[in-house]
Structure formats: C-alpha cells, structure tokens
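So the chains spell out like this:
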Amino acid sequence: MADIKTQANKIFTSPVDCKRKLGRYFNTYLSENADEIADIESLADFLGCTRRELLTLEKDDVYGPFVSRAKNSIARIKKQMAMKGKIPAAVLSFDMKNNHDYSDKGDSSESETPVIVISGDALHWCD
C-alpha cells in the first residue's frame, strides 16, 4: 500500500486539498471549458496524473472515497448525456465497462461462476 500512499501524496496534500481539487474540476474547470466532457482521462489530466494512477487512488484509504464519488459523478454526467442522445449508447457502454467497473448482466469471471457438482451413479440415471 505504500505505493498508493506515495502516489496519493504526489496528487493531494490532504483530504481538504483533494476535495478542493475535485470541486474545482467539476465546478470551475468544466464550466470554463464548455467543450470538455467530464471523464476519467480529463480528470486525471486536470490532477496531473494518468488514468491508471487515478484509478489506483480509488483503493487508497484516505482518498479512495473521494475518487469513487468523483467517478460516480462522471458516470452520472455521461449517462444523462447518453439518455439525451448527446453521446452514443455504445460509447457509454464501453466507458462504463472500462472506467467505472460496470459489466453486462451476462458477464462474469470464472471465479464468480458457481460450480455445480452432481454426485451419484450417473449410469443409472440414463435408464
């Protein structure tokens, strides 16, 4: 976890600084840059880090909840845009899966798939 802490301290000096910077992104930067659409890459660039570094920060004990809420706000903005026809649904779907941990109902990893074990004498079941 030291890696996450080191990275977090490069981006934020304190929880107050984190809240201030995230607030500036949503309330000032996006307003002043009307052509800019809120997204993970835009937020990462604003904070002076990469997308990967920002997503890693979500695991930090101190800053993780703030980053998670920021990601949720970005997802909400994009979902509303898609519902109003301002971005294609396919773009929204791709973004939600890649940046916001969403998956289709049918998607699951093998570790999440239940294993069914049938015990008994299978030869007698065929009679």
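In what follows, the accompanying structure is described. (Residues numbered from 1 in each chain as written. Predicted model: local features only at pLDDT ≥ 70, side-chain atom pairs only at ≥ 80, totals over all residues. Heavy atoms only, no water.)

### Focus on the overall build of the chain
- The number of helices and strands found in the chain is seven helices and zero strands.
- Reading the secondary structure of the chain in the N-to-C direction produces α-α-α-α-α-α-α.
- Looking at the chain as a whole, 31% of its 127 residues are labelled buried.
- Partitioning the intrachain contacts of the chain with sequence separation of at least 6 by distance along the chain shows that 55% fall at a separation of at least 24.
- Of the roughly 8,900 Å² that the chain leaves accessible, carbon and sulfur atoms contribute 54%. (Helix = DSSP H or I, 4+ residues; strand = E, 2+ residues; numbered from the N terminus. Buried < 20%, exposed > 50% of the residue type's maximum accessible area, 1.4 Å probe, protein only. Contact = heavy atoms within 4.5 Å. Areas by Shrake-Rupley, 256 points an atom, 1.4 Å probe, with all protein chains shown as cover.)

### Quick notes on the packing of helix 5 (residues 64–83) against helix 6 (residues 89–99)
- The N-to-C vectors of helix 5 and helix 6 enclose an angle of 170°; their axes lie 10 Å apart at closest approach. In terms of axis orientation, helix 5 runs roughly antiparallel to helix 6. Handedness of the crossing formed by helix 5 with helix 6: left-handed. Contact residues: Lys-71, Ala-75, Lys-78, Lys-79 and Ala-82 in helix 5; Leu-92, Asp-95, Met-96 and Asn-99 in helix 6.
- Across the contact of helix 5 with helix 6, the residue classes tally to four nonpolar, one polar and four charged. (Axes fitted to C-alpha atoms, helices over the stretch in contact; angles between N-to-C directions. Parallel < 35°, antiparallel > 145°, perpendicular 65-115°, else oblique. Left-handed = near helix turned anticlockwise from the far one by under 90°. Nonpolar A, V, L, I, M, F, W, Y, C, P; charged D, E, K, R; others polar.)

### Thoughts on the environment of Gly-23
- Tracing the sequence through the fold places Gly-23 in helix 2 (residues 15–32).
- The exposure class assigned to Gly-23 is partly exposed, which follows from its relative accessible area of 24%.
- Placed 47 residues apart in sequence, Gly-23 and Ala-70 show a C-alpha to C-alpha distance of 9.1 Å.

### Regarding unusual backbone geometry
- Its identity as a non-glycine residue notwithstanding, Asp-101 has a phi of 60°, on the positive side.
- Looking at the secondary structure, you find Asp-101 in the loop between helix 6 and helix 7 (122–125).
- Overall, the relative accessible area of 61% leaves Asp-101 in the exposed class.

### Side note on helix 2
- Taking 1.5 Å as the rise per residue, helix 2 with 18 residues should run 26 Å; its terminal C-alpha atoms sit 24 Å apart, in good agreement.
- The complete set of buried residues in helix 2 reads Asp-17, Cys-18, Leu-22, Tyr-25, Phe-26 and Leu-30. (Expected span 1.5 Å × (residues − 1).)

### So, the pattern of salt bridges
- All told, the structure shown has six salt bridges when counted by the stated rule.
- Ionic pairing is found between Lys-21 and Asp-17, a salt bridge with its closest N-O pair at 3.2 Å. One end of the pair is Lys-21 and the other is Asp-17, both in helix 2 and four residues apart, which spans about a single turn.
- Linking Arg-51 and Glu-41 is a salt bridge whose minimum nitrogen-to-oxygen distance equals 3.7 Å. Within this pair, whereas Arg-51 is found in helix 4 (residues 51–57), its partner Glu-41 is found in helix 3 (residues 40–47), the two being separated by 10 residues in sequence.
- On the basis of relative accessible area, Arg-51 is assigned to the partly exposed category, the value being 24%.
- On the accessibility criterion, Glu-41 (36% relative accessible area) is partly exposed.
- Salt bridges sharing partners connect three or more residues here, namely Asp-17, Arg-20 and Lys-21. (Salt bridge = Lys/Arg side-chain N within 4 Å of Asp/Glu carboxyl O.)

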